[in-house]
Every structure is written in C-alpha cells, then in structure tokens.
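# Chains, contacts and geometry: an overview
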Amino acid sequence: MSKFVFINAFAGKSKDKQKPFNKVSIAGIESDGKTRVFDLFTKDGVLLSNQETLRFGDVVKPTYQESDYPGGRPSLIGLEVLQTSPYSQN
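Residues numbered from 1 in each chain as written. Predicted model: local features only at pLDDT ≥ 70, side-chain atom pairs only at ≥ 80, totals over all residues. Heavy atoms only, no water.

## Examining the packing of aromatic side chains
- Inspection of the entire model under this criterion finds 3 aromatic pairs.
- Here Phe 4 and Phe 38 contribute two aromatic rings whose centre-to-centre distance is 6.2 Å and whose plane-to-plane angle is 65°, an arrangement assigned as edge-to-face. With Phe 4 in strand β1 (residues 3–13) and Phe 38 in strand β3 (residues 35–41), this residue pair connects regions lying 34 residues apart in the sequence.
- Measuring from ring centre to ring centre gives 5.8 Å for Phe 10 and Phe 21, while their planes differ by 45°; the resulting arrangement is tilted. One end of the pair, Phe 10, is in strand β1; the other, Phe 21, is in strand β2 (residues 20–29), with 11 residues separating them in the sequence. (Phe/Tyr/Trp six-rings, centres within 6.5 Å; stacked < 30°, edge-to-face > 60°. Helix = DSSP H or I, 4+ residues; strand = E, 2+ residues; numbered from the N terminus.)

## Things to note about the environment of Lys 23
- Tracing the chain through its elements places Lys 23 in strand β2.
- In contact with Lys 23, not counting residues within four places along its chain, are Asn 8, Ala 9, Phe 10, Asp 39, Leu 40 and Phe 41. (Contact = heavy atoms within 4.5 Å.)

## Here's the deal with the environment of Gln 18
- Inspection of the secondary structure puts Gln 18 in the loop between β1 and β2.
- Linking Gln 18 and Pro 70, residues 52 residues apart in sequence, is a C-alpha distance of 26 Å.
- Within the local environment of Gln 18, its side chain forms a polar contact with the backbone oxygen of Lys 15, the two atoms lying 3.2 Å apart. (Polar contact = N/O pair within 3.5 Å; in protein donor to acceptor, adjacent residues only side chain to side chain.)

This is the structure:
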C-alpha cells in the first residue's frame, strides 16, 4: 500500500458476552488509485493513545502486535499520523 487514510473508530461491547472491542477503519490507497478498506481491532478493546484526536482523512502509519496464537490475526497497537486531514473540521 502506498498510504493509509484514517476513516473512523468505534468502541463498544459485544452483545452476547459483553466483551469490549475497538474497531478502527482505515483505507489503503495504492499509487494507481485502487483502494481497499481495512477494519482493524485492538487487543482486548483497548483505545489507541491518540484515538480521540484522529480525524477522517489523516494519513496514518499503523503498527501491529503479533497474535498470541499461531496463525492468529495481529492486533492494532497504534496509528502514527504522518499528515493531518485536509478536510475541514467545522
């Protein structure tokens, strides 16, 4: 991917077991314009340290923590803002 753009984040609890979750959506944009949306989850529903300040359109660099289980999905542990959003926040 050429760059990743922050879309949104949503934290809550699962319906059945009331386990916390934190879903972060980012778009991966290739140099040829092809785009793919990724829904990423943090371990145990932990909020990212800068989650409250992230804005739609921020260009970000995700960092991950490998799963505790073989073949498991890595968990998102951070989004570093490389470029702030060009969109107005009004």
